[in-house]
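Inside the fold
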Amino acid sequence: MKMKTALTIAGSDCSGGAGIQADIKTMTMNGVYAMSAVTALTAQNTTGVTGIQESSPEFLEMQLDAVFEDIYPDAVKIGMVASGELIRAIADRLRHYDAGNVVIDPVMVSTSGSALMRTDAVNTLVEELLPLATLVTPNIPEAEVLSGRTISTKEDMIEAAKQIGDENHCAVLLKGGHSVNDANDLLYAEGRLTWFQGKRIDNPNTHGTGCTLSSAIASNLAKGFSLEESVERAKSYISEALGAMLDLGKGSGPMQHNFGLTGEYAKEAK
């Protein structure tokens with residue numbers, strides 16, 4: 001049986017916990033062949049982002065052409081894209097190749113609080129990319145930006161998810177991890193509201209959780225699972241990755257993406 005494929009379009013995290021690196025680990029652990037198009041190099045670690053060097057729109061397009069013309073992805077995950085020009089380049093190529101199963105994680109601020117998207121880029125994201133999305137996965141601060149409303153209750157989450165979904169004709173997974181209602185997430189798809197109950201894991205190391213969740217969802221969509229099943233499986237995966245209690249770095253550390261890796265080549269030295 002042919003292996004399913006997934007493409008991540010995102011920024012590189014040199015410390016390995018978020019971005020392209022988290023996406024590739026997650027896609028691999030979720031059973032698909034992972035490919036990447038790098039939107040930016042970042043100098044970052046668990047304590048913060050110290051530098052961002054963007055790809056040119058032309059070079060990003062070349063990366064996307066190289067992937068789509070040879071190994072067509074069964075799903076596409078889009079993460080950190082800092083500028084409107086890069087967003088337009090991505091939207092143009094996705095339309096050109098008629099990409100499906102597009103999951104957008106609208107990365108605006110890093111876990112450590114660093115701004116990763118310019119204001120003009122947010123408008124371009126809404127105008128150009130969201131209409132191409134199968135699913136968008138904002139956290140509460142990102143959903144506040146996309147909806148223009150304050151979110152402080154479950155009812156606010158419902159109204160914001162409906163607004164974002166209806167305005168952009170896509171499904172919305174509004175992540176409740178920013179203390180509104182523990183780690184419960186709300187899926188709004190085709191007029192239906194579904195709550196996914198999360199168990200809050202007492203682990204301060206949450207670097208890259210958004211990248212990981214969206215990549216796991218994209219991987220499951222690539223394999224043919226429904227949107228609801230894909231979200232359920234992705235949440236289960238991320239709970240186990242957090243539950244492994246990896247502790248690296250001086251700040252908000254990464255989770256253990258490879259917690260379930262048990263093959264011959266993963267064994268420890270005797």
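The present account deals with the structure reproduced in this document. (Residues numbered from 1 in each chain as written. Predicted model: local features only at pLDDT ≥ 70, side-chain atom pairs only at ≥ 80, totals over all residues. Heavy atoms only, no water.)

Turning our attention to the pattern of salt bridges. Taken as a whole and judged by the stated rule, the model has eight salt bridges. Between arginine 95 and glutamate 128 there is a salt bridge, with its nearest N and O atoms 3.3 Å apart. A residue pair is termed long-range when its members are at least 10 positions apart, and arginine 95 in helix α3 (residues 84-97) and glutamate 128 in helix α4 (residues 119-129) qualify at 33 residues. Taking relative accessible area as the criterion, glutamate 128 reaches 22% and is therefore assigned partly exposed. Across the pair lysine 235 and aspartate 185 runs a salt bridge whose closest N-O atoms are separated by 2.8 Å. Here aspartate 185 lies in strand β8 (residues 185-189) and lysine 235 lies in helix α8 (residues 227-243), a separation of 50 residues in the sequence. For the pair formed by lysine 235 and aspartate 185, the shared burial category is buried. When salt bridges with common partners are traced through the structure, they connect Asp65, Asp92 and Arg93 into a single cluster. (Salt bridge = Lys/Arg side-chain N within 4 Å of Asp/Glu carboxyl O. Helix = DSSP H or I, 4+ residues; strand = E, 2+ residues; numbered from the N terminus. Buried < 20%, exposed > 50% of the residue type's maximum accessible area, 1.4 Å probe, protein only.)

Describing two packed helices takes the angle between their axes plus the distance from one axis to the other. Two elements in contact, helix α2 (residues 57-68) and α3, have axes whose closest approach is 9 Å; the angle formed by their N-to-C orientations is 25°. Between α2 and α3, the interaxial angle falls into the category roughly parallel. In the packing of α2 onto α3, the handedness of the crossing is right-handed. Together, Pro57, Leu60, Glu61, Leu64, Asp65 and Phe68 of α2 and Glu85, Leu86, Ala89, Ile90, Asp92, Arg93, Leu94 and Tyr97 of α3 make up the contact between the two elements. Taken together, the residues that form the contact of α2 with α3 break down as nine nonpolar, no polar and five charged. (Axes fitted to C-alpha atoms, helices over the stretch in contact; angles between N-to-C directions. Parallel < 35°, antiparallel > 145°, perpendicular 65-115°, else oblique. Left-handed = near helix turned anticlockwise from the far one by under 90°. Contact = heavy atoms within 4.5 Å. Nonpolar A, V, L, I, M, F, W, Y, C, P; charged D, E, K, R; others polar.)

This brings us to the packing of aromatic side chains. Following the criterion strictly, the structure yields three aromatic pairs and no others. With 5.3 Å between their ring centres and 80° between their planes, phenylalanine 68 and tyrosine 72 make a pair best called edge-to-face. What makes phenylalanine 68 buried here is its relative accessible area of 5%. Tyrosine 72 gets classed as partly exposed once you look at its relative accessible area, which sits at 36%. With centroids separated by 4.9 Å and ring planes inclined at 5°, the aromatic side chains of phenylalanine 68 and tyrosine 97 adopt a geometry described as stacked. Placement of phenylalanine 68 in helix α2 and of tyrosine 97 in helix α3 is noted, with a sequence separation of 29 residues between them. As far as the burial class goes, phenylalanine 68 and tyrosine 97 line up, both buried. Taken together, the ring pairs in this structure connect Phe68, Tyr72 and Tyr97 into an aromatic cluster. (Phe/Tyr/Trp six-rings, centres within 6.5 Å; stacked < 30°, edge-to-face > 60°.)

So, about a nonpolar patch on the surface. On the surface, Met3, Tyr33 and Ile71 cluster together into a nonpolar patch covering about 280 Å² of accessible area. Residue position: tyrosine 33 is located in strand β2 (residues 33-45). You can call tyrosine 33 partly exposed: its relative accessible area is 42%. (Patch = residues over 30% accessible without salt bridge, like charges linked within 9 Å, V, L, I, M, F, W, Y side chains within 5 Å. Areas by Shrake-Rupley, 256 points an atom, 1.4 Å probe, with all protein chains shown as cover.)

In this section: the sheet that holds strand β7 (residues 171-174). Here we have nine strands laid out as an open sheet, ordered β3-β2-β1-β4-β5-β6-β7-β8-β9, and mixed in their pairing. The open sheet is flanked by β3 (48-54) and β9 (192-196), the only strands paired with a single partner. For β2 and β3, the ladder comprises six bridges, and the chain directions are antiparallel. Bridging across to β3, alanine 40 finds its partner in glutamate 54. Relative to β2, α2 is tilted by about 155°, and along the sheet it contacts β1 (5-13), β2 and β4 (75-78). Along the sheet face, α3 touches β1, β2, β3, β4 and β5 (102-104) and points at about 170° away from the line of β4. (Pairing = 2+ DSSP bridges.)

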